[in-house]
Amino acid sequence: MSVQIQSNVLKHLFQQVYFINGTAYAGKSTMVKMLAEKHGGICCGENYHDCLMDAVDTAHQPNLCYFQTMRDWQEFVNRTPQAYSSWVAGCSREAEDLELVRLIQLAEAGRKIFVDTNLSAETLREVSDYQRVAILLAPPSLSVERFFQRED
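Worth saying up front: this structure is predicted, and the values here are computed from it rather than measured.

S.K.: With reference to specific residues and values, describe the overall build of the chain.
M.R.: The helix and strand tally for the chain stands at seven helices and four strands. Tracing the chain from N to C terminus, the helices and strands come up as α-β-α-β-α-α-α-β-α-β-α. Of all 152 residues assigned to the chain, the portion counted as buried reaches 32%. Summarising the internal contacts of the chain: among those between residues at least 6 apart in sequence, 76% fall at separations of at least 24. The chain carries 14 positive and 19 negative side-chain charges, and their two centres are separated by 7 Å.

S.K.: A description of the pattern of salt bridges should follow, citing residues and the corresponding values.
M.R.: Throughout the structure, instances matching the rule amount to three salt bridges. Taking the shortest distance from any N to any O, the salt bridge between Asp129 and Lys11 comes out at 3.8 Å. Of this pair, Asp129 sits in the loop between α6 (121–127) and β4 (133–136) while Lys11 sits in helix α1 (residues 2–13), and the two are 118 residues apart along the sequence. In this structure Lys11 comes out as partly exposed when scored by relative accessible area, which is 24%. The partner of Glu75 in a salt bridge is Arg71, with the nearest N and O atoms 3.4 Å apart. Exposure remark for Arg71: the relative accessible area of 70% places this residue in the exposed category. One network of salt bridges, in which partners are shared, links Lys11, Asp129 and Arg132.

S.K.: I'd like to hear about the pairing of strand β3 (residues 113–116), residue by residue, with values.
M.R.: Going residue by residue along β3, you find Ile113 and Val115 tucked away on one face and Phe114 and Asp116 tucked away on the opposite face as well. Both strand β1 (residues 17–22) and β3 contribute to a ladder of four bridges, which runs parallel. Across the sheet, Val17 pairs through a bridge with Ile113, a residue of β3. The pairing of strand β2 (residues 42–44) with β3 spans three bridges and is classified as parallel.

S.K.: Mind laying out the environment of Gln68, listing which residues take part and the relevant values?
M.R.: Topologically, Gln68 is positioned in helix α3 (residues 66–69). For Gln68, a relative accessible area of 63% puts it in the exposed group. When the C-alpha atoms of Gln68 and Ala26 are compared, they prove to be 32 Å apart, with 42 residues separating the residues in sequence.

S.K.: Any chance you could break down helix α5 (residues 81–107) for me, citing the residues and the numbers?
M.R.: Over its 27 residues, α5 runs 38 Å from end to end, which matches the ideal 39 Å to within 8%, given 1.5 Å per residue. Taken together, the buried positions of α5 are occupied by Trp87, Gly90, Cys91, Glu94, Ala95, Glu96, Leu98, Glu99, Leu100, Leu103, Leu106 and Ala107.

S.K.: So what's going on with the packing of aromatic side chains? Which residues, and what values?
M.R.: In this structure the tally under the stated criterion is ten aromatic pairs. Relative to Tyr84, the ring of Phe76 has its centre 6.3 Å away and its plane inclined at 80°; by these criteria the two rings are edge-to-face. Judged by relative accessible area, which is 40%, Tyr84 ranks as partly exposed. Relative to Trp87, the ring of Phe76 has its centre 5.7 Å away and its plane inclined at 90°; by these criteria the two rings are edge-to-face. Highlighted residues: Phe76 in helix α4 (residues 73–77) and Trp87 in helix α5, separated in sequence by eleven residues. Put simply, the rings of Tyr66, Phe67, Phe76, Tyr84 and Trp87 touch in pairs and so form one group of aromatic residues. The ring of Trp87 carries Arg79 above its face, with NZ or CZ at 4.6 Å from the centroid.

Procedures and definitions
Residues numbered from 1 in each chain as written. Predicted model: local features only at pLDDT ≥ 70, side-chain atom pairs only at ≥ 80, totals over all residues. Heavy atoms only, no water. Helix = DSSP H or I, 4+ residues; strand = E, 2+ residues; numbered from the N terminus. Buried < 20%, exposed > 50% of the residue type's maximum accessible area, 1.4 Å probe, protein only. Contact = heavy atoms within 4.5 Å. Lys, Arg positive; Asp, Glu negative; His and termini not counted. Charge placed at Lys NZ, Arg CZ, Asp CG, Glu CD. Salt bridge = Lys/Arg side-chain N within 4 Å of Asp/Glu carboxyl O. Pairing = 2+ DSSP bridges. Expected span 1.5 Å × (residues − 1). Phe/Tyr/Trp six-rings, centres within 6.5 Å; stacked < 30°, edge-to-face > 60°. Lys NZ or Arg CZ within 6 Å of the ring centre and 35° of its normal.

Printed below as a string of structure tokens:
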């Protein structure tokens, strides 16, 4: 029951939040920036939740804190594929919490918010309506061909 209540509260709070998710090189960041400019909204580009990283701690976000807790670079590269996959999934879950907290903070401004997000499809279903979510896709080969041609 409390999850449903929380979901309804977030859906209400996020009525002016527009989410764009998808694959690399699909134009998510560009679209979010252009929409925010056009509509006088807030642009939440990639990693917009990084401003909350000072609040992250090893007890609650062990995956996001991994680089502070690993012994050395060899520990990072010598993990099994399963350990690496588990870490990536854990980072995604922990970052989702930060994204939602940041969006709650920004939603209080009462302006439209355009978000380049990594929230999972399941989470997006819980916190938003179908009409405020777009999924942009690019061919996988584009990531391989252009990975090092990015400003970031």
